[in-house]
Structure formats: C-alpha cells, structure tokens
Amino acid sequence: MFKSLIIAATLAVSAVAQANSIGEVLFANQKAVMQDVVAQGLPWNVGDENNYKITMGFLPGTMKMFVREINADRTEAWLVQDVNLLIQKQKIEALIDMNTGETKKMLVDGQEQQVPASNYEIIDQKEAQVTVPAGTFRTMYIKIQDNGNNGQITEQWVNGRDIPVNGMAKSMSDSPLGKVTIELTSFKKN
C-alpha cells in the first residue's frame, strides 16, 4: 500500500529548474515519485480524472489531469494535464510506461519536449490526514528532495486507493514563480 502511494506521489514532483513554462513547472511537480512504481503497474483506467485548484505565487488557476488512452496490453497510457492560470493556458501530454512509471514522451501544446531528468530522494513519509476542497482523506505524507535542483523540497499528501490518476490530494513546493500549492477539488474514478 505504501509503495503504491509513493508511486502516485512521484507523478507529482520533477525537475522544475528545467521547466520553461508554468505548465511544465506543474508537470514537473507531478513526476518524481514514479521512480518507485510498484511491480503490478499503475491502476489507471481511461477517463480517470482529477481536478485541482492551483496557487502559484500570486497566480490562481486550475488543472485538470486525466487518462486519455491506454494501449491494448495496458503497458502504456497517455496522461493529459490541462493547466489554466491567469496568464497562461497549456496542455501537457505524457506517455507513461504503466509498469515502471517512466515518462517515455512528453508533448507541451503539441510540441515534443525533452523529458526532465529525475534525481529525487524521499526524506520523510508518514500517514497523515488532509482536508482539501474535494474532502478529507487519509493519506501518505511524502516529503521529497530534488537533489538535481538545489535540494528543492516538495511535500505531497497522496491516497492512491481512493483518488485516481496520481492519487494526489495536495502538493506544496517552491518554484521560480513562488510557492506552488495544488489542492484536489473533484475527481472521477472509472
């Protein structure tokens, strides 16, 4: 159970220093823990969807994350993030290996981008309860350090059993644009 929570959380942290846009910063914050994916693979279904409110520094916004398609043998899935911030809209599509959690390909507004490198270390994890607009959840609190980005810290509250896609209920991290807080507002599990 804990490893599956860590899987979900990893989808929520990455190399923010390499991100060139607001949407890529948010995608980076969704990626890191995937390096510890459990052997049985990701439990995703087409149509699984999470909706979030985002605060990035002084910028409010929303993010919709959903599984667009899964190939016939359930080895690869397209994960889509539609980000809408006050100053920018962006669509990020990632082809994910469902057995390893590896991001194999990334498109930003239809243009292929280099997948950010990962160099993360889980420095703390424990059970915790968190309340967000979508409700109150029993979660695994995970604190991750990005050793490739000046030791940047990301905190996440993850429940891979009740919350689909990445299981993230809440995430907080620093970015070049200020503190990034992401909170689950609603979800749909197929």
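Residues numbered from 1 in each chain as written. Predicted model: local features only at pLDDT ≥ 70, side-chain atom pairs only at ≥ 80, totals over all residues. Heavy atoms only, no water.

Trainee: Hey, could you go over the pattern of salt bridges for me, with residue numbers and the actual values?
Mentor: Applying the stated criterion across every chain, the model contains 9 salt bridges. Measuring nitrogen to oxygen at the nearest pair gives 3.6 Å for the salt bridge that ties E69 to R68. Each member of the salt-bridge network shares a partner with another, and the members are K53, K170 and E183. (Salt bridge = Lys/Arg side-chain N within 4 Å of Asp/Glu carboxyl O.)

Trainee: Which residues make up the environment of L177, and what are the values?
Mentor: Here L177 is to be found in the loop between β10 (168-173) and β11 (180-188). According to the relative accessible area criterion, L177 is partly exposed, its value standing at 40%. For L177 and F58, which are 119 residues apart along the polypeptide, the C-alpha to C-alpha distance reads 8.7 Å. (Helix = DSSP H or I, 4+ residues; strand = E, 2+ residues; numbered from the N terminus. Buried < 20%, exposed > 50% of the residue type's maximum accessible area, 1.4 Å probe, protein only.)

Trainee: Report on the pairing of strand β7 (residues 120-132), specifying residues and quantitative values.
Mentor: As judged from the 12 bridges shared by β7 and strand β8 (residues 135-146), these two strands associate in the antiparallel manner. Bridge pairing links V132 to G135 in β8. Counting the residues in the hairpin turn of β7 and β8 gives 2 residues. (Pairing = 2+ DSSP bridges.)

Trainee: Tell me about the sheet that holds strand β3 (residues 76-85), residues and numbers included.
Mentor: Strands sit in the order β6-β5-β4-β3-β2-β1-β11-β10-β9-β8-β7 across an open sheet of 11 strands; the sheet is antiparallel. The sheet is open, and its two borders are formed by β6 (111-113) and β7, each paired with just one other strand. Across the sheet, the mean angle from the axis of one strand to that of its neighbour is 20 degrees, orientation sign disregarded. In this structure, β8 lies alongside strand β9 (residues 152-158), joined through 7 bridges in antiparallel fashion. Residue D146 lies in a different strand from β9, and its bridge partner there is Q152. (Axes fitted to C-alpha atoms, helices over the stretch in contact; angles between N-to-C directions.)

Trainee: Give me the nonpolar core: which residues, what numbers.
Mentor: Grouped together as the largest cluster of nonpolar side chains are 28 residues, with contacts concentrated most on W44, Y52, I54, M63, V67, L79 and I182. Formed by 5 residues, the second largest nonpolar core is a distinct cluster that contains Y120, M140, I142 and V158. (Core = buried A, V, L, I, M, F, W, Y, C linked by side-chain atoms within 4.5 Å.)

Trainee: Account for the side chain of K170, naming residues and giving values.
Mentor: Relative to the elements of secondary structure, K170 occurs in strand β10. Setting aside its immediate chain neighbours within four residues, K170 contacts V130, V132, E155, Q156, W157, T181, I182 and E183. (Contact = heavy atoms within 4.5 Å.)

Trainee: Go over the packing of aromatic side chains, please, and point to the residues and values.
Mentor: In this description, a pair of aromatic rings is defined by centroid distance and the angle of the planes. According to the stated counting rule, one finds 2 aromatic pairs in the structure shown. Ring centres of F137 and F187 lie 6.1 Å apart, and the angle between their planes is 55 degrees; on these two criteria the pair is classed as tilted. Here the residue F137 occupies a position in strand β8, and F187 occupies one in strand β11, the gap between them amounting to 50 residues. Of the residues examined, F187 reaches a relative accessible area of 33% and is grouped as partly exposed. Between Y141 and W157, the aromatic rings sit 5.2 Å apart at their centres with planes inclined by 55 degrees, giving tilted as the arrangement. Placement of Y141 in strand β8 and of W157 in strand β9 is noted, with a sequence separation of 16 residues between them. For Y141, a relative accessible area of 7% gives the class buried. (Phe/Tyr/Trp six-rings, centres within 6.5 Å; stacked < 30°, edge-to-face > 60°.)

Trainee: So what's going on with the environment of Q114? Residues and values would help.
Mentor: In this structure, Q114 sits in the loop between β6 and β7. Judged by relative accessible area, which is 70%, Q114 ranks as exposed. Separated by 10 residues in sequence, Q114 and K104 place their C-alpha atoms 9.6 Å apart.

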